[in-house]
Structures are given as C-alpha cells and as structure tokens.
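So you can see what is in the structure, the chains are spelled out below.
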Amino acid sequence: MKILLIGSGAREHAIAETLKKSKGTLLYSYLKSKNPGIISLSNGFEIGNYADLNKIKSYTQKIKPGFTFVGPEEPLNNGVTDLFKKLKIDVIGPTKSLARLETSKSFTRNLLRKHKIEGNPRFEIFNKKNISEAKNFIDDLRQCVIKPDGLTGGKGVKVQGDHFKTKKEAFAYCNEVLQTHPFVIIEEKLEGEEFSLQCLTDGKIVVATPPVQDHKRAFVGDKGPNTGGMGSYSCENHLLPFLAKKDVEEGSKITQKVAEALHKETGQYYKGIMYAGFIKTKNGIKLLEYNARFGDPEAMNVLPLMETDFVDVCNAIINQELHKLKIKFQNKATVCKYLVPNGYPNNPAKNEKIIVEKIPENVKIYYASIEQRDNVLYTTNSRTIACLGIAGNLEKAERIAEEATKSIKGKLFHRKDIGTKEVIEKRVNHMKKILK
Ligand code: GLY
C-alpha cells in the first residue's frame with residue numbers, strides 16, 4: 001500500500017512511524033522542511049510549501065498513493081483534501097469546508113449553538129459593524145477570553161488575567177483583532193483543568209483515543225508565554241488523574257454530536273481526526289476549541305500505544321467502517337517532553353547545531369522543526385525534538401523521558417516538571433478546589 005503523508009513535524013514523524021508498523025506500507029512524504037525522522041521512514045519524499053497545491057498535485061500524480069494522510073492544519077485550510085478528492089484519491093483529513101471546525105472558531109461555536117449541543121461557554125461574535133455592543137457583553141462576564149476568527153498559530157487567543165487585566169484592555173484587543181480578522185469571539189473565561197480528546201472519525205461514528213494533558217506555557221510551573229505545547233502525558237488507565245470515565249464519555253458524546261451536525265450542515269462526512277480541547281469545570285465538560293488534526297505533542301502520546309493496525313484504521317475511516325473495528329491501545333502511561341531552542345517561542349535561537357547522542361533503548365524520539373544539512377542537525381524557529389517515555393505508570397514514563405533529554409545536546413531547553421508527581425498533584429488539587 002502506497003501512502004502519501006503531508007507534513008514535517010514531530011506529529012507527522014509519529015504518524016509515519018505508526019503507518020510503517022503495518023506490513024507492506026510504502027511511505028511517501030511531502031514535507032515543508034527536511035525532517036530526518038520522517039525521511040528515514042520514507043520510500044520517497046518531496047520538499048515544498050503547503051500552499052503550493054500544484055506541486056502537491058504533481059507529486060501525488062507521480063506517486064499514485066492508495067490514500068493520503070494530512071498531518072497539519074495549514075494544508076487542510078488551503079483545501080488540499082478537496083484537491084485529493086478531485087484527483088479521486090482517498091484522504092484522511094477534512095475538506096476545507098469541514099476543517100472550519102478548526103479554522104473558524106465562530107463556525108464551531110455557532111454549530112454547537114444551532115444544533116443545541118452542550119459544551120459551549122457563554123459567547124458572542126462581533127464584527128466591525130456591531131463591535132460597540134461588545135462592551136456590554138464584556139461587562140456582563142466575570143472575566144473573558146478574546147479569540148480571533150481564523151488560524152493564528154496558537155498565538156491569537158488572549159485570556160483575562162493571563163494576557164491582559166481590565167475589561168477596557170479586552171475591548172481594545174477586540175478592535176485590534178478586527179483590523180486583521182472579519183470576526184472576533186468573546187467568551188466567558190472558564191475555570192478548570194484542560195485535556196485533549198483526539199477522536200478518530202469516519203463522519204458517522206467517533207472513536208476516542210486516550211485523553212492527554214498538554215502544557216502550553218514555556219517554563220516550569222506554567223510560567224511564561226504560550227507555546228505550541230511543551231509536552232504532555234497520558235495514563236495507563238486511559239483517564240487522567242483529575243478525569244473520570246464519565247468525563248471522557250461526556251467529551252466523546254459532544255464530539256459524536258458535532259460529527260453528526262457537521263454532516264447535517266455541509267452534506268459531507270468528516271473523515272479524519274477531531275481533536276477537542278476540553279476543560280473540566282464545575283458545570284461539566286466544556287469545549288475550548290476543536291482542531292481538525294492530531295495534536296502536537298498529543299499524537300505522540302496516543303499513536304505509539306495503538307495496538308490495532310493503523311493502516312486498517314485509516315481504511316476503516318475511508319470506507320466508513322469504523323463501527324466494525326475494535327481499536328485498542330496499550331494500557332501504558334506516556335510522558336512527552338519537547339526540547340526547544342533557547343529563546344523559544346519569542347526569540348528562538350535558530351541555526352544552532354544539535355547533537356543527538358546514543359538514545360536509551362526504551363525511549364522514542366521524534367524530530368520536529370529541525371534541518372539536516374551535510375549530516376548535521378540544526379534548530380529552526382520552532383520546537384526541536386520530542387522525547388517520549390512509555391511505561392507502566394507515569395512516574396516511570398517521566399523518568400525515562402527526562403533521562404532521554406540528557407542525550408540531546410545543543411542550545412535547547414525543556415520543561416523538567418511535565419509528568420512529575422508535583423505537577424500532577426497540583427492539577428488534582430486545583431480540580432478538587434473547583435469542584436468544592
Ligand atoms: N498541542 C496543541 C495543538 O496541537 O494544537
């Protein structure tokens with residue numbers, strides 16, 4: 001089976017590795033940068049940008065894959081799935097219209113509202129014409145979150161208390177957003193613990209993978225600016241220390257209803273990954289946002305645990321036969337820690353040499369934004385390498401991941417606290433306080 005993978009990050013490295021586990025996979029990759037991990041697993045590759053649909057088309061016609069797998073959101077937003085459909089090639093990843101689940105926050109909030117799906121916080125959407133009415137809405141909320149409507153690389157969302165203090169500043173940011181985006185979404189700020197629930201879907205049913213908790217802030221103790229995610233963990237019981245089975249079921253139910261609503265709304269079936277960023281609050285599970293792809297780092301927590309053949313899973317998604325497959329994951333805990341360039345995310349040390357020494361056998365490493373030139377690895381301006389520990393419990397998985405970081409030398413840093421007992425206790429106590 002020839003498979004074409006689009007994407008060049010650590011998430012795609014994990015996808016490539018999992019697809020290659022299936023006997024007979026011939027993997028071809030279309031990458032934005034020369035990721036040595038993906039290239040080493042590929043039978044052929046092409047470098048190009050995600051907006052160059054002509055280049056993607058030529059490469060696809062040359063390879064003639066059985067199906068394609070789209071890793072990141074950017075090519076989805078550019079309509080790469082629509083292109084593959086025209087070429088009559090099956091694809092894991094939603095069309096541009098369905099990818100609005102991620103690319104338009106107003107679309108998703110309105111979808112849940114229209115179809116009476118629980119999970120929305122209080123919210124309103126404003127444009128340049130009615131922005132003056134936003135003041136009253138902001139005044140009505142205890143604290144708010146301001147979200148631009150569109151892809152912002154995780155950098156556009158601003159939270160009261162974290163990124164700005166006063167309601168006046170909130171209103172000013174709304175006006176700033178409207179200079180570059182058609183809509184701005186104002187939401188009530190929710191208190192709780194966040195988790196990622198990545199579901200596989202054939203458009204009819206959704207199948208949840210184990211929940212994961214990501215760490216967005218750059219520095220130890222959840223300090224510093226927001227990043228793409230500095231690391232994440234999952235537990236051997238496929239829950240999280242602050243999350244019960246019923247919470248995961250509540251989240252899956254929301255995503256199931258959203259998949260059905262998407263079909264009603266567009267007439268198309270969503271085939272791919274629906275990744276919900278949820279928050280457990282005093283009033284149940286609430287939706288922060290959807291992504292139309294696997295999470296990065298969260299893909300690295302779930303894919304290595306998948307016991308079911310991933311190519312079979314992809315075929316079941318394509319043929320809408322997910323209901324016939326029992327998708328299994330190992331009962332193991334995982335901890336993923338990202339090494340990132342010094343100065344990341346605001347002023348990353350680019351073009352710095354990295355040396356990967358002998359990695360212990362029980363560790364997996366995934367290459368992210370890294371360039372290989374003349375057999376030397378260099379940092380770029382984003383996350384560099386992820387170290388993944390897998391073990392019977394979190395404590396052991398954390399130790400494995402932490403040890404592995406010592407084998408990678410360069411002007412890099414990571415969060416030593418991810419997956420540690422202290423941080424887990426902090427999360428559990430926070431949740432207890434909220435539920436009181
Ligand atoms: N870990 C956050 C994301 O993938 O968007």
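Scroll up for the structure.
Residues numbered from 1 in each chain as written. Predicted model: local features only at pLDDT ≥ 70, side-chain atom pairs only at ≥ 80, totals over all residues. Heavy atoms only, no water.

> Just checking my understanding: could you explain the packing of aromatic side chains for this structure?
Two measures describe an aromatic ring pair: the distance that separates the ring centres and the angle between the ring planes. Using the criterion set out here, one finds 5 aromatic pairs in the structure. Plain terms: the ring middles of Phe195 and Phe278 are 5.6 Å apart, the flat faces sit at 40° to each other, and that makes the pair tilted. Of the two residues, Phe195 sits in strand β10 (residues 193-201) while Phe278 sits in strand β16 (residues 272-281), which places them 83 residues apart along the sequence. Per residue, the accessibility class of Phe195 equals that of Phe278, and both read buried. An angle of 45° between the planes, with centres 5.8 Å apart, marks the rings of Phe219 and Phe413 as tilted. Here Phe413 lies in strand β25 (residues 412-413) and Phe219 lies in strand β13 (residues 217-219), a separation of 194 residues in the sequence. On the accessibility criterion, Phe219 (38% relative accessible area) is partly exposed. For Phe413, a relative accessible area of 18% translates into the label buried. Within the aromatic cluster, the residues linked to one another by ring pairs are Phe69, Phe294 and Phe310. The ring of Tyr269 has Lys204 lying over it, and the distance from NZ or CZ to the ring centre is 5.6 Å. (Phe/Tyr/Trp six-rings, centres within 6.5 Å; stacked < 30°, edge-to-face > 60°. Helix = DSSP H or I, 4+ residues; strand = E, 2+ residues; numbered from the N terminus. Buried < 20%, exposed > 50% of the residue type's maximum accessible area, 1.4 Å probe, protein only. Lys NZ or Arg CZ within 6 Å of the ring centre and 35° of its normal.)

> Help me understand the site of the ligand in this model?
Taken together, the residues surrounding the ligand are Asp214, Gly228, Tyr275, Asn291, Arg293, Gly295, Asp296, Pro297 and Glu298. At a separation of 2.8 Å, a nitrogen atom of the ligand approaches a polar side-chain atom of Asp214. Between the ligand and the protein, one listed contact pairs a nitrogen atom with a side-chain N or O atom of Glu298 at 2.8 Å. Here the ligand, which alone exposes 200 Å², has 88% of that area covered by the protein. Grouping the amino acids of the shell around the ligand by side-chain chemistry returns 2 nonpolar, 3 polar and 4 charged. (Near = heavy atom within 4 Å. Polar contact = N/O pair within 3.5 Å; in protein donor to acceptor, adjacent residues only side chain to side chain. Areas by Shrake-Rupley, 256 points an atom, 1.4 Å probe, with all protein chains shown as cover. Nonpolar A, V, L, I, M, F, W, Y, C, P; charged D, E, K, R; others polar.)

> Before we go on, may I ask you to explain the pattern of salt bridges in this structure?
Should their charged atoms come close, side chains of opposite charge can pair. For the coordinates displayed, the defined rule picks out 32 salt bridges. A salt bridge links Glu17 to Lys364; its shortest N-O distance comes to 3.1 Å. In this pair, Glu17 sits in helix α1 (residues 10-20) while Lys364 sits in strand β20 (residues 363-367), placing the two residues 347 residues apart along the sequence. The exposure class assigned to Glu17 is buried, which follows from its relative accessible area of 18%. (Salt bridge = Lys/Arg side-chain N within 4 Å of Asp/Glu carboxyl O.)

> Just checking my understanding: could you explain the sheet that holds strand β3 (residues 44-47) for this structure?
Strand order in the open sheet made by the 5 strands is β3-β2-β1-β4-β5, with parallel pairing throughout. In the strand order of this sheet, the two ends are held by β3 and β5 (90-92), each with one partner. Here the strands of the sheet are splayed against their neighbours by 20° on average, with no regard to which way each runs. Pairing between strand β2 (residues 26-31) and β3: 4 bridges, direction parallel. When the sheet's bridge partners are listed, Tyr30 is paired in β3 with Glu46. In the packing of helix α3 (residues 53-63) onto the sheet, contacts are made with β1 (2-6), β2 and β3, and the angle to β2 comes to roughly 170°. Contacting β1, β4 (67-70) and β5, helix α12 (residues 310-318) runs over the sheet at an angle of about 100° to β4. (Pairing = 2+ DSSP bridges. Axes fitted to C-alpha atoms, helices over the stretch in contact; angles between N-to-C directions. Contact = heavy atoms within 4.5 Å.)

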